[in-house]
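Remarks on the overall topology
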Amino acid sequence: MDDLIPLLPKLWQASYETLYIVGLSLIFGGLGGLVLGLGLYTTRSNSLFSNRPVFGVLNVLVNVFRPIPFIIFLAAAQPLARFVTGTGIGNTAIIFTLSLAAAFGISRIVEQNLLTVQPGVIEAARSVGASRSRIMLTLLIPEALGPLILGYTFIVVALVDMSAVAGYVGGGGLGTFAIQYGYRQFHPVVTWAAVLVIIVIVQLVQFLGNYLARKALRR
C-alpha cells in the first residue's frame with residue numbers, strides 16, 4: 001500500500017485518460033459502425049436499398065479488418081493514423097486507431113440487431129407510403145434500440161480492454177499505468193489498483209447499459 005499512495009494522482013490521471021480515450025473512440029467508432037451496419041443491412045438482398053455489389057464490398061471490407069488482433073492492427077494502422085491526425089503516437093493516434101477498429105466491430109453488431117426487426121413491421125410501414133429513408137431512421141433503429149444499446153455496451157467494455165495497449169504507441173491510460181508503475185517496478189499492489197479501477201468502470205458501464213436497454217425494451 002505504501003507503494004500506491006504516492007502514485008494516487010497518477011492513477012486518477014490514468015483513469016481520466018482511459019475514459020477520455022474510450023469515450024471519444026466510442027463516439028467516432030460508434031457513428032462509423034452505425035453507418036457501416038446500416039449499409040450492410042439495407043443493401044443486402046430484399047432489403048430497403050438492395051444492392052448486391054455495394055453489399056459485397058462492405059461485407060468483404062468488414063470481414064477483412066474485423067478479425068485482426070488489435071495489437072497488430074495498431075501497428076499496421078500507424079501510418080494511416082499519422083496521415084490523418086498528424087501523429088502516429090500518443091492518445092490522438094490511439095483514439096483514431098481504436099475508432100477505426102471499433103467501427104468494423106460495431107458494424108456487425110448493428111447489422112445483426114437490425115436483422116431481428118420483424119419484416120412485417122417494415123412491410124406495413126411501406127404499405128402506408130413511408131419512404132425507405134424514413135423507415136430506416138424512424139422505425140428500423142427505434143425497433144432495434146434495446147439490443148443495439150446492449151451491443152454498444154459490449155463494445156465499450158471491449159474498448160476499455162483494447163485501450164490497455166495504448167502505451168505501445170506512447171498513449172496513456174490505466175494499462176500504461178499498470179505496466180509502467182506496477183509490473184516493471186515489481187509493485188503488484190499498483191497493478192491491482194489499476195485492475196480494480198478498470199473493474200469498477202466496466203461494472204458501471206454494464207449497469208448503465210442494462211438499465212437503458214430495459215427502458216428501451218419497455219417503451
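The rules behind each value
The numbers attached to residues start from 1 for each chain and follow its sequence in the written order. The predicted origin of the model limits local features to residues at a pLDDT of at least 70 and limits the giving and counting of side-chain atom pairs to 80 or more, whereas totals for whole chains, interfaces and linings rest on all residues. The basis for every side-chain value is the complete set of heavy atoms in the structure, and neither hydrogens nor water enter the calculation. UniProt positions are given in the numbering used here, feature names are shortened, and annotations may be inferred rather than shown by experiment. Going along the chain from the N terminus, every DSSP run of H or I of four or more residues is numbered as a helix, and every run of E of two or more is numbered as a strand. What we call a nonpolar core is a set of buried Ala, Val, Leu, Ile, Met, Phe, Trp, Tyr and Cys residues that are connected through their side-chain atoms within 4.5 Å. Only protein chains enter the calculation, and the probe is 1.4 Å; a residue is then buried if its accessible area is under 20% of its type maximum, exposed if over 50%, and partly exposed in between. Contact criterion: two residues are considered in contact whenever any of their non-hydrogen atoms come within 4.5 Å of each other. Axis definition: a line fit to C-alpha positions, over the contact stretch in the case of helices; interaxial angles, taken between N-to-C directions, run 0 to 180 degrees. Each angle is binned into one of four classes, with values under 35 degrees roughly parallel, values over 145 roughly antiparallel, values of 65 to 115 roughly perpendicular, and all other values oblique. Less than a right angle of anticlockwise turn of the near helix away from the far helix marks a crossing as left-handed, whereas a clockwise turn marks it as right-handed. Salt bridge, as used here, is a side-chain nitrogen of Lys or Arg placed within 4 Å of a carboxyl oxygen of Asp or Glu.

Here we take up the UniProt feature "domain: ABC transmembrane type-1" (unreviewed entry) in the protein. Within this numbering scheme, the UniProt entry marks residues 15-209 as carrying the feature "domain: ABC transmembrane type-1" (unreviewed entry). Secondary structure within residues 15-209 divides into 79% helix and 0% strand; the distance between the first and last C-alpha atoms comes to 20 Å.

Counting 48 residues, the largest nonpolar core has Ile94, Leu140 and Phe177 as its most contacted members. Sorting the residues of this core by element identifies helix H1 (8-43), helix H3 (70-76), helix H5 (90-114), helix H6 (119-127), helix H7 (132-143), helix H8 (145-163), helix H9 (174-183) and helix H10 (188-218) as the ones contributing at least two each. In terms of residue count, H5 provides more of this core than any other element does, eight residues in total. If sequence neighbours within four positions are ignored, Phe177 has contacts with Leu7, Lys10, Leu11, Ala14, Gly182, Val190 and Ala194.

Bringing the packing of H5 against H8 into the picture now. It is the contact of H5 with H8, at a shortest axis distance of 10 Å, that shows an interaxial angle of 155°. Classified by the interaxial angle, the pair formed by H5 and H8 is roughly antiparallel. The interaxial crossing formed by H5 with H8 has right-handed handedness. In contact with Leu98, Ala102, Ile106, Ile109, Val110 and Asn113 of H5, H8 contributes Pro147, Leu148, Gly151, Tyr152, Phe154, Ile155, Leu159, Met162 and Ser163.

Looking now at the pattern of salt bridges. Inspection of every chain in the model, using the stated rule, returns two salt bridges. For Arg108, the salt bridge identified is with Glu111, shortest N-O distance 2.6 Å. Taken together, the residues Arg108 and Glu111, both in helix H5 and three residues apart, mark about one turn of the helix. The class of Arg108 is buried, set by a relative accessible area of 8%. Take Glu111: its relative accessible area is 5%, and that puts it in the buried class.

Here we take up the environment of Ala77. Within the fold, Ala77 resides in the loop between H3 and helix H4 (78-85). Assessed through its relative accessible area of 5%, Ala77 is described here as buried. Taking the C-alpha atoms as reference points, Ala77 and Leu204, separated by 127 residues in sequence, lie 31 Å from one another.

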